[in-house]
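# Chains, contacts and geometry: an overview
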Amino acid sequence: MHTRRKFIGNAAGLAGALSVPSRVLGANDRIRVGIIGPGARGMGLVQQAIACPNTEFVAFADIYTKRLEAALMSAPAAKTYLDYRYLLDDKSIDAVLIATPQHLHCEHFVAALDAGKHVYQEKTMAFSVDHAKRMRAAYQRAGKRTVQIGHQDCSSGNVPDARSFLASGYMGAISCIHSTEFRNTPHDKAQWYRPVTKDMNPENIVWKSFQGESRPHDFDANRYINWRFYWDYSGGNFYENMCHQVAFWYKVMNLKIPETVVTTGGVYVWKDGREVPDTMSVSMKHGKDLLFTWDSGFGNKRFGDTEDVLGTDGTISRDDNGIRYLPEKVNRPDGKEMAGATPTDTRAHMQNFMDCIRSGKEPNCPVELGFRVSIPCRMAVESYRQDRIVRWDADKEAIV
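Report on the accompanying structure. (Residues numbered from 1 in each chain as written. Predicted model: local features only at pLDDT ≥ 70, side-chain atom pairs only at ≥ 80, totals over all residues. Heavy atoms only, no water.)

Let us now look at unusual backbone geometry. A cis amide bond links Lys123 with the next residue in sequence, Thr124, at an omega value of -25°. Structurally, Thr124 is set in the loop between strand S5 (118-121) and helix H6 (129-142). Unusually for a residue other than glycine, Glu397 sits at a positive phi of about 50°. Here Glu397 is to be found in the loop between strand S15 (390-393) and strand S16 (398-399). For Glu397, a relative accessible area of 21% gives the class partly exposed. (Helix = DSSP H or I, 4+ residues; strand = E, 2+ residues; numbered from the N terminus. Buried < 20%, exposed > 50% of the residue type's maximum accessible area, 1.4 Å probe, protein only.)

Within the fold, Trp192 resides in the loop between strand S7 (174-182) and helix H8 (207-211). As a C-alpha pair, Trp192 and Phe298 span 106 residues in sequence and 9.7 Å in three-dimensional space. What Trp192 contacts, discounting residues up to four positions off in sequence, is Arg183, Asn226, Arg228, Phe229, Gly236, Asn237, Glu240, Arg274, Val276 and Phe298. (Contact = heavy atoms within 4.5 Å.)

A word on the sheet that holds strand S13 (residues 322-327). Strand order in this open sheet of 10 strands is S14-S13-S12-S11-S7-S10-S9-S8-S15-S16, and the pairing throughout is mixed. Whereas interior strands pair on both sides, the edge strands pair on one side only; in this sheet they are strand S14 (338-339) and S16. By the bridge criterion, eight bridges tie strand S9 (residues 279-286) to strand S10 (residues 290-297) in an arrangement that is antiparallel. Looking at S10, one finds that Met280 is bridged to Ser296. Against the sheet, helix H10 (residues 236-253) engages S7, strand S8 (260-266), S9, S10, strand S11 (305-311), strand S12 (314-319) and S13, with an angle of about 150° to S10. Sheet strands touched by helix H12 (residues 367-386): S8, S9, S15 and S16. Its angle to S8, the strand with the most contacts, is close to 55°. (Pairing = 2+ DSSP bridges. Axes fitted to C-alpha atoms, helices over the stretch in contact; angles between N-to-C directions.)

By way of backbone hydrogen bonds, the strands of a sheet pair with one another, either parallel or antiparallel. As summarised here, the arrangement of the six strands in space is S3-S2-S1-S4-S5-S6, forming an open sheet in which the pairing is parallel. Each of the sheet's edge strands pairs with one partner strand only, and the pair in question is strand S3 (79-81) and strand S6 (147-149). Between one strand axis and the next, the sheet turns through 20° on average, direction left out of account. Along the sheet, helix H5 (residues 105-114) makes contact with strand S1 (31-36), strand S4 (95-98), S5 and S6, crossing S5 at roughly 165°.

Let's shift gears to the packing of helix H7 (residues 158-167) against H10. The N-to-C vectors of H7 and H10 enclose an angle of 50°; their axes lie 10 Å apart at closest approach. One finds that H7 runs oblique with respect to H10. Considering only the axes of H7 and H10, their crossing is right-handed. Of H10, the residues touching H7 (which contributes Asn158, Val159, Ala162, Arg163 and Leu166) are Phe248, Trp249, Lys251, Val252 and Met253. (Parallel < 35°, antiparallel > 145°, perpendicular 65-115°, else oblique. Left-handed = near helix turned anticlockwise from the far one by under 90°.)

For the second largest pocket, the calculated volume is near 530 Å³. Breaking the lining of the second largest pocket down by element, the ones donating at least two residues are helix H2 (40-51), H10, S11, S12 and helix H11 (348-359). For the lining of the second largest pocket, the element with the highest residue contribution is H10, accounting for three residues. Taken together, the residues of the lining of the second largest pocket break down into one nonpolar, 13 polar and nine charged. (1 Å grid on protein atoms, 1.4 Å probe; cavity = no way out; pocket = protein on both sides within 12 Å on 5 of 7 lines; lining within 4 Å. Points joined across faces, edges and corners; volume = space filled by probe spheres on them. Nonpolar A, V, L, I, M, F, W, Y, C, P; charged D, E, K, R; others polar.)

What follows is the structure, given as structure tokens:
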């Protein structure tokens, strides 16, 4: 095991200029890519990027030395950094993937854009309303930079299928979207829990960098590796999975930020010190005539991952098996079921990011959509923690 001394450098040479010009890329030019946060999810993104034609993975940045060593197995010639600013200082890097804990998204996103990089930002885009505004401002001042938010279902073949069903005229008046995200694990394997290992210590983890803007704590390996348990760093399953299901239908139906959100639930299954709920129910009111609900739990997977768009004349039903239309026989007695048939490549979202870097076109999940999705996720958190209905003041762009 290498210690921090192997990876630490002198910060004096770090670039501080804003909106550094990026390299102009032709259709056949190789895109040089780095990542901030090559953990489990981050390395999944790395593999997707490597699989895209004409890409080269050249740099890894992480605050934990073990992660850097493991990352080199995927790209042995890449450079490694404990301080992500060194990665951003490399002007030969075109694009940066960001897969850090949620409370750090804003810091890394803004710095990457200010350094002139194209950015793939893992979900949920923003941890707070303030972060969302700062990230949007960074994107706006960055000029011609491609930014893809990591709601990968926005590149799914289900998108054109859903739009086709909606355009068919077979739905009638849509009043509700009902969604679920349920899962289960063996009794001795708590959902999301990761074991603390002996090498997780201040010698191998840059604790100050992990804390970012969050409340300061003394070094705590459990808070580091199980950051999803704690409100300082995590939005719970609202930010892990509700965001994906919201993003898909916000894209397909062009839904705006909800007027009100109410959340209830608690820690009912895993009494292991986690702060975020393991059982929850969210109701989001969109305009005068649409309710979007999301129920989730970590103690039973009977309902799984589902979304049902409910209209007077039909239902669009989406789950792990695909998407389909089902007629409401009371109003469409001769209606036929229809199944979506558009295929989806497993790296479609990453490929779309790379393609848009070259073409300059808008990616499938742009900053504007990421912003719209971040707000209801934060509203769900605030409603749960404050035990009340929260509202969105569109004029002030604030949760009230």
